[in-house]
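Examining the three-dimensional arrangement
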Amino acid sequence: MMYGQVLHHQSRDEDLVNLNVGGIQHRVERCVLLRFPNTRVGQLIQCCGDAAILELCDDYSPAEREYYFDRSPQVFHCVLNFYHTGHFHALEELCVICFSQEIEYWGLCELDLEACCLDWFLERKDERDQNVCWQSSNDASFGEISAVSSDLWRFEGTWCSDMRKLMWQTLEDPSHSRCSKGVALVSVLVILTSILAMCIHSMPELRLDTDGEHSELDSLELICIIFFSVEFALRVIAAPCPWRFLGNPLNMIDIASILPFYVTLAFESLAVENGEENQSLVNMGKVVQVLRLMRAFRVLKLARHSEGVRAFGETLNQCQYEVGLLILFITVGISFFSTLIYYTEKEDGSSKLSTIPNCWWWAIISMTTVGYGDVYPQTAAGRIVATLCILCGLLVVSLPITVIMNNFSKYFERNNAKR
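Residues numbered from 1 in each chain as written. Predicted model: local features only at pLDDT ≥ 70, side-chain atom pairs only at ≥ 80, totals over all residues. Heavy atoms only, no water.

Examining the sheet that holds strand 1 (residues 16–21)
Note: strands within a sheet are paired through backbone hydrogen bonds, in either parallel or antiparallel orientation. The sheet built from 4 strands is open, its strands ordered 2-1-4-3 with mixed pairing. Of all the strands in the sheet, the pair left with one neighbour each is strand 2 (24–29) and strand 3 (59–61). Along the sheet, successive strands turn relative to each other by an average axial angle of 25°, direction set aside. As paired elements, strand 1 and strand 4 (residues 66–69) share 4 bridges and run parallel to each other. If you follow leucine 19 over to strand 4, its bridge partner there is tyrosine 67. Strands strand 1 and strand 2 of the sheet are contacted by helix 5 (residues 73–85), whose axis makes an angle of about 10° with strand 2. (Pairing = 2+ DSSP bridges. Helix = DSSP H or I, 4+ residues; strand = E, 2+ residues; numbered from the N terminus. Axes fitted to C-alpha atoms, helices over the stretch in contact; angles between N-to-C directions. Contact = heavy atoms within 4.5 Å.)

Now the structure itself:
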């Protein structure tokens with residue numbers, strides 16, 4: 001005979017509460033359930049009227065004094081064990097979300113779990129939440145570039161729907177047809193050509209002047225910009241919802257890579273029309289230089305055709321907390337070790353670490369393990385501080401990086417599983 005049967009046999013019927021959970025009957029002493037009066041069952045046995053009882057259970061039989069719950073009997077075994085022993089353990093074979101919802105129904109919380117179960121439970125729940133977050137982000141534009149089939153219904157009833165639908169699939173989904181693959185290949189080649197022209201343009205010895213003002217590289221860049229502009233215009237025309245299209249991060253990158261060229265062209269035209277040097281022209285020239293720097297955004301256009309670049313952006317998006325933590329750790333380390341190295345090196349006249357701002361640069365390249373060697377400590381105390389700085393830099397960088405790399409690998413695993 002089981003311990004519970006002996007206990008129930010010795011108890012009076014009026015002291016026992018009949019519970020039916022998912023078809024499995026339990027007879028529990030009233031005093032056991034009243035150990036936790038704030039739980040659902042504890043509140044239930046304190047109710048007076050039938051209306052109040054039915055608010056806390058699914059059905060009630062006054063004749064048999066039995067309370068019925070249409071809930072999981074497996075989870076209730078854990079809850080019942082909690083009433084008897086005061087120790088709450090979880091079932092590993094159950095879904096963590098299902099288990100969390102069930103115990104919430106019974107008036108318990110995850111923090112009531114014992115330490116042996118709480119750690120793995122929270123770990124599995126965080127992993128599941130992260131999977132859901134990854135899944136939702138993969139459905140977004142930055143995570144999944146060719147999810148165009150879900151938008152095809154938006155073309156119904158619009159002008160030139162068939163032509164725009166074909167154009168949309170050709171431009172947005174490289175796997176749609178051979179033509180779409182060709183368009184994607186040409187787009188990648190133009191992007192790489194534009195990047196190459198921008199790099200060569202920075203080398204004076206490789207500029208091939210033709211008319212004294214413009215070079216062949218400028219003409220090549222103009223052709224690339226025309227291609228980017230036409231491609232972007234066709235995407236806008238073919239888009240089923242232009243306002244949603246412009247909100248896509250990849251399309252915002254397209255705008256950032258094209259717009260600086262036209263703005264620079266407008267500023268240069270104004271400068272030619274003015275024809276005289278003044279402060280406004282000087283400021284305009286500075287703006288033009290900044291806009292030319294924005295041509296570097298063309299590199300990010302590869303994210304439209306490169307899964308690796310998209311994975312990098314998606315990983316940073318999902319690891320915002322870890323990246324912020326990494327920056328915080330490095331900032332604290334830089335502030336601490338730059339101050340420390342300054343006070344150990346300031347007495348040495350040959351040391352370049354004579355001010356704390358100069359020490360910042362040294363601390364940055366030391367903590368990130370770059371170590372240019374352009375600035376280094378001269379004294380023995382300074383070298384000890386440098387050793388500690390490098391060791392702390394290794395620890396600070398390695399801790400969050402493991403989480404970021406784990407998420408990066410998970411991105412590829414999910415994409416491969418989806419394929």
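Thoughts on the side chain of glutamate 322
With respect to the helices, strands and loops of the structure, glutamate 322 is situated in helix 15 (residues 320–345). The exposure class assigned to glutamate 322 is buried, which follows from its relative accessible area of 19%. With residues near it in sequence (within four places) discarded, glutamate 322 still touches Pro400, Val403 and Ile404. (Buried < 20%, exposed > 50% of the residue type's maximum accessible area, 1.4 Å probe, protein only.)

Focus: unusual backbone geometry
Phi is mostly negative for residues that are not glycine, and the peptide bonds are mostly trans. Notably, arginine 65 is not glycine yet its phi reads approximately 50°, a positive angle. Of note, the phi angle at threonine 369 is positive, near 60°, even though the residue is not glycine. Look at threonine 369 and you get partly exposed, because its relative accessible area is 45%.

Quick notes on the packing of aromatic side chains
Scanning the entire structure with this criterion turns up 13 aromatic pairs. Considering the side-chain rings of tyrosine 105 and tryptophan 106, the 5.2 Å spacing of their centres and the 80° angle between planes classify their relative orientation as edge-to-face. The two residues tyrosine 105 and tryptophan 106 agree in class, both being buried. With centroids separated by 5.5 Å and ring planes inclined at 85°, the aromatic side chains of phenylalanine 261 and tyrosine 262 adopt a geometry described as edge-to-face. Here a set of aromatic residues connected by ring pairs shows up, and it is made of Phe36, Phe82, Tyr83, Phe88 and Phe99. (Phe/Tyr/Trp six-rings, centres within 6.5 Å; stacked < 30°, edge-to-face > 60°.)

Points about the pairing of strand 4
In terms of strand pairing, strand 3 meets strand 4 through 3 bridges, oriented antiparallel. Of the residues in strand 4, the one forming a bridge with serine 61 is glutamate 66. Linking two consecutive strands that pair antiparallel, namely strand 3 and strand 4, is a turn of 4 residues; a positive phi of about 50° is found at arginine 65 within it.

Notes on the packing of helix 8 (residues 161–172) against helix 9 (residues 178–201)
Contact pair helix 8 / helix 9: the axes reach a minimum separation of 7 Å and the direction vectors enclose 50°. Comparing their axes, helix 9 and helix 8 come out oblique. When you trace helix 8 past helix 9, the crossing you get is right-handed. Contact residues: Gln169, Thr170 and Leu171 in helix 8; Cys179, Ser180 and Val183 in helix 9. Partitioning the contact of helix 8 with helix 9 into residue classes produces 3 nonpolar, 3 polar and no charged. (Parallel < 35°, antiparallel > 145°, perpendicular 65-115°, else oblique. Left-handed = near helix turned anticlockwise from the far one by under 90°. Nonpolar A, V, L, I, M, F, W, Y, C, P; charged D, E, K, R; others polar.)

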